[in-house]
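Examining the three-dimensional arrangement
Each chain, written out:
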Amino acid sequence: MAAALPDRSVVSPPDSAFLDAMAALAGGVCVVTALTGEGRPVGFTSTAVMSLSRQPQLLAIGVGSGVRSLPALLDGRRFALNILHSGGEHVSRRFADRTVDRFAGLEWSAEEGSGLPMLLAHSSYTVLCSVVRDLRAGDHHLIVAAVDDVVTGTGGPTALVHHDRRYHVLGAA
């Protein structure tokens, strides 16, 4: 039985305090990509990603209810998690921008079996996933996914992280 979220409407801290606290939490920068029912590639930038289980291999992503790509993830039940390397800041910014065609002029490839968009030129790894659970949590969805495959990108061991509202690089020599 799932526990209900507590009613914190009266005692919640100010939004600014919560946002400041979450900005202090460093997160790896990823781009989640999927296909619409018409086969059009879609995606968004995310730092709300976590490894969930080793056996079976599961991960979880947090997705805002208003994210335009969310229906493609939920309807198609498949997505690619592109873990951006140190040179991927421009890709992160593009996929966070709601006003641009995110794939126009960007190097990407379609996964052979599913056609999922993979950003291998901009990623250390791309993790191909199948949705196993969608949990509503406030104004977000927590999507639990099984790992179907891991594809090595071109980025090597460097990582792009977001901390204190800025991009940083880890693992660079």
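Below, the structure is looked at part by part. Residue numbers here run from 1 along each chain, matching the order of that chain's written sequence. With pLDDT at 70 or above as the cut-off, local features in this predicted model cover only qualifying residues; side-chain atom pairs require 80 or more to be listed or tallied, and sums for whole chains, interfaces and linings still use all residues. Note: side-chain values were computed over all heavy atoms of the structure, leaving out hydrogens and water.

1. What to know about the sheet that holds strand β2 (residues 30-35)
Pairing within the open sheet is antiparallel, and its 7 strands lie in the order β3-β2-β6-β9-β10-β5-β4. Looking at which strands have only one partner, the edges of the open sheet turn out to be β3 (41-46) and β4 (49-53). Within this sheet the neighbouring strands show an average axis-to-axis angle of 35 degrees, counted without direction. Strands qualify as paired when DSSP identifies two bridges or more between them. Going along the chain from the N terminus, every DSSP run of H or I of four or more residues is numbered as a helix, and every run of E of two or more is numbered as a strand. Looking at chain direction, strand β6 (residues 78-84) and strand β9 (residues 123-137) are connected through 7 bridges and run antiparallel. Within β9, the position partnered with leucine 81 by the bridge is valine 127. Should any heavy atoms of two residues lie within 4.5 Å, those residues are counted as being in contact. Between the N-to-C directions of two axes lies an angle of 0 to 180 degrees, each axis being a line fitted to C-alpha atoms and, for a helix, fitted only over the stretch in contact. Helix-sheet contacts for helix α3 (residues 89-96) involve β2, β3 and β6, and the interaxial angle to β3 is about 110 degrees.

2. Section: the pattern of salt bridges
Salt bridges, as used here, are contacts in which a Lys or Arg side-chain nitrogen is within 4 Å of a carboxyl oxygen on Asp or Glu. Taken as a whole, this structure holds 4 salt bridges when the rule is applied. Between aspartate 148 and arginine 78 there is a salt bridge; the shortest N-O distance is 3.3 Å. Taken as a pair, aspartate 148 in strand β10 (residues 140-152) and arginine 78 in strand β6 lie far apart in primary sequence, 70 residues in all. What makes arginine 78 partly exposed here is its relative accessible area of 26%. Exposure is judged per residue with a 1.4 Å probe applied to protein chains only, and the accessible area is read against the type maximum: over 50% gives exposed, under 20% gives buried, and values in between give partly exposed.

3. Some remarks on unusual backbone geometry
Here the residue pair glutamine 55 and proline 56 is connected by a cis peptide bond, since its omega of -5 degrees sits within 30 degrees of zero. Of note, the phi angle at arginine 77 is positive, near 65 degrees, even though the residue is not glycine. Relative to the helices and strands, arginine 77 is located in the loop between α2 (70-76) and β6.

4. So, the environment of serine 114
Assignment of secondary structure puts serine 114 in the loop between β7 (109-110) and β8 (117-118). We classify serine 114 as partly exposed; its relative accessible area is 25%. A C-alpha to C-alpha distance of 17 Å links serine 114 and tyrosine 125, two positions 11 residues apart in sequence. When near neighbours in sequence (up to four residues on either side) are disregarded, serine 114 contacts Leu35 and Arg78.

5. Notes on the sheet that holds strand β11 (residues 159-163)
Spatially, the 3 strands line up as an open sheet ordered β1-β11-β12, and their pairing is antiparallel. Every interior strand has two partners, whereas the edge strands, β1 (27-28) and β12 (166-170), have only one. The sheet contact formed by β11 and β12 spans 5 bridges and is antiparallel. Opposite histidine 162, over in β12, you have tyrosine 167 as the bridge partner.

6. Description of the packing of aromatic side chains
Each Phe, Tyr or Trp ring (for Trp, its six-membered ring) is paired with any other whose centre lies within 6.5 Å, and the angle between the two planes then decides the class: stacked below 30 degrees, edge-to-face above 60, tilted in between. One pass over the structure, following the stated rule, counts 2 aromatic pairs. Measuring from centroid to centroid gives 5.2 Å for phenylalanine 95 and phenylalanine 103, while their planes differ by 90 degrees, and the two rings are edge-to-face. Phenylalanine 95 sits in the buried class, given a relative accessible area of 1%. Relative to tryptophan 108, the ring of phenylalanine 103 lies with its centre 5.2 Å away and its plane at 65 degrees, an arrangement referred to as edge-to-face. The buried category is assigned to phenylalanine 103, whose relative accessible area is 9%. Site record: aromatic cluster; members linked through ring pairs are Phe95, Phe103 and Trp108.

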